[in-house]
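Listed below, chain by chain, are the residues.
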Amino acid sequence: MSEDANSAENWLRDHGDQLFRYAKARLRDSNAAEEVVQETFVAAVKHRAQYLGTGPLGAWLLGILKRKIIDHVRRQQREMPVEDLDNTADLFDDRGHWSATVMNRNPFRLDQMESHELHQIL
């Protein structure tokens, strides 16, 4: 791959829109999608030596993006807005376990294909 084709500006121009659409479709939030795409390009530039050029650059970037989406979702699930803490009684059942409401509040459910992709990544 030539040095010109390997520039971050070209990566963004050639793959940015596709990565953004992928992230937005999974996160359903434009701001979050922009954030994970930015994180993807930062990581790609930082670790560009790890790209061996044996496969398509877009696939390598997509692999990084998928990991960034997973990290974002994990962060989002760990962080609970302060307003949700107003009534802590709703968080737990009578036995002190997480309530069904809390357990089912995951807005990001993996479909079967994405689950398989996640398994391959892990």
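Residues numbered from 1 in each chain as written. Predicted model: local features only at pLDDT ≥ 70, side-chain atom pairs only at ≥ 80, totals over all residues. Heavy atoms only, no water.

Student: Is there a simple way to think about the overall build of the protein in this case?
Tutor: The number of helices and strands found in the protein is 5 helices and 0 strands. Each helix and strand of the protein, placed in order from N terminus to C terminus, yields the pattern α-α-α-α-α. Relative to its full complement of 122 residues, the protein shows a buried share of 30%. Across the protein, every contact between residues at least 6 apart in sequence was considered, and the portion connecting residues at least 24 apart equals 60%. Surface summary for the protein: the accessible area is close to 8800 Å², and the carbon and sulfur share equals 51%. (Helix = DSSP H or I, 4+ residues; strand = E, 2+ residues; numbered from the N terminus. Buried < 20%, exposed > 50% of the residue type's maximum accessible area, 1.4 Å probe, protein only. Contact = heavy atoms within 4.5 Å. Areas by Shrake-Rupley, 256 points an atom, 1.4 Å probe, with all protein chains shown as cover.)

Student: Is there a simple way to explain unusual backbone geometry in this structure?
Tutor: Residues apart from glycine generally show negative phi values, whereas peptide bonds are mostly found in trans. Positive phi is not limited to glycine here, since Arg 28 has a value of about 55°. In this structure, Arg 28 sits in the loop between α1 (8-27) and α2 (30-46).

Student: What am I meant to see in the packing of α2 against helix α3 (residues 57-78) here?
Tutor: Each pair of packed helices can be described by the angle between their axes along with the distance between the axes. One way to put it is that α2 packs onto α3 with a least axis distance of 9 Å and a crossing angle of 130°. Compared by their axis directions, α2 and α3 come out oblique. For the crossing formed where α2 meets α3, the hand is right-handed. Listed contacts from α3 to Ala 32, Glu 35, Val 36, Val 37, Glu 39, Thr 40, Phe 41, Ala 43 and Ala 44 of α2 are Trp 60, Leu 61, Ile 64, Leu 65, Lys 68, Ile 69, His 72 and Arg 75. Considered class by class, the residues forming the contact of α2 with α3 number 11 nonpolar, 2 polar and 4 charged. (Axes fitted to C-alpha atoms, helices over the stretch in contact; angles between N-to-C directions. Parallel < 35°, antiparallel > 145°, perpendicular 65-115°, else oblique. Left-handed = near helix turned anticlockwise from the far one by under 90°. Nonpolar A, V, L, I, M, F, W, Y, C, P; charged D, E, K, R; others polar.)

Student: What should I look at first to understand the pattern of salt bridges in this one?
Tutor: Side chains carrying opposite charge are able to pair once their charged atoms draw close together. As enumerated under the stated definition, the model contains 3 salt bridges in all. Here Arg 13 makes a salt bridge to Asp 14, at a shortest N to O gap of 2.9 Å. Judged by relative accessible area, Asp 14 falls into the partly exposed class, the value being 43%. Salt-bridge contacts for Arg 75 lead to Glu 35; the nearest nitrogen and oxygen are separated by 3.8 Å. One end of the pair, Arg 75, is in helix α3; the other, Glu 35, is in helix α2, and 40 residues separate them in sequence. Residue Arg 75 is classed as partly exposed on the basis of its relative accessible area, which comes to 27%. Exposure remark for Glu 35: the relative accessible area of 34% places this residue in the partly exposed category. (Salt bridge = Lys/Arg side-chain N within 4 Å of Asp/Glu carboxyl O.)

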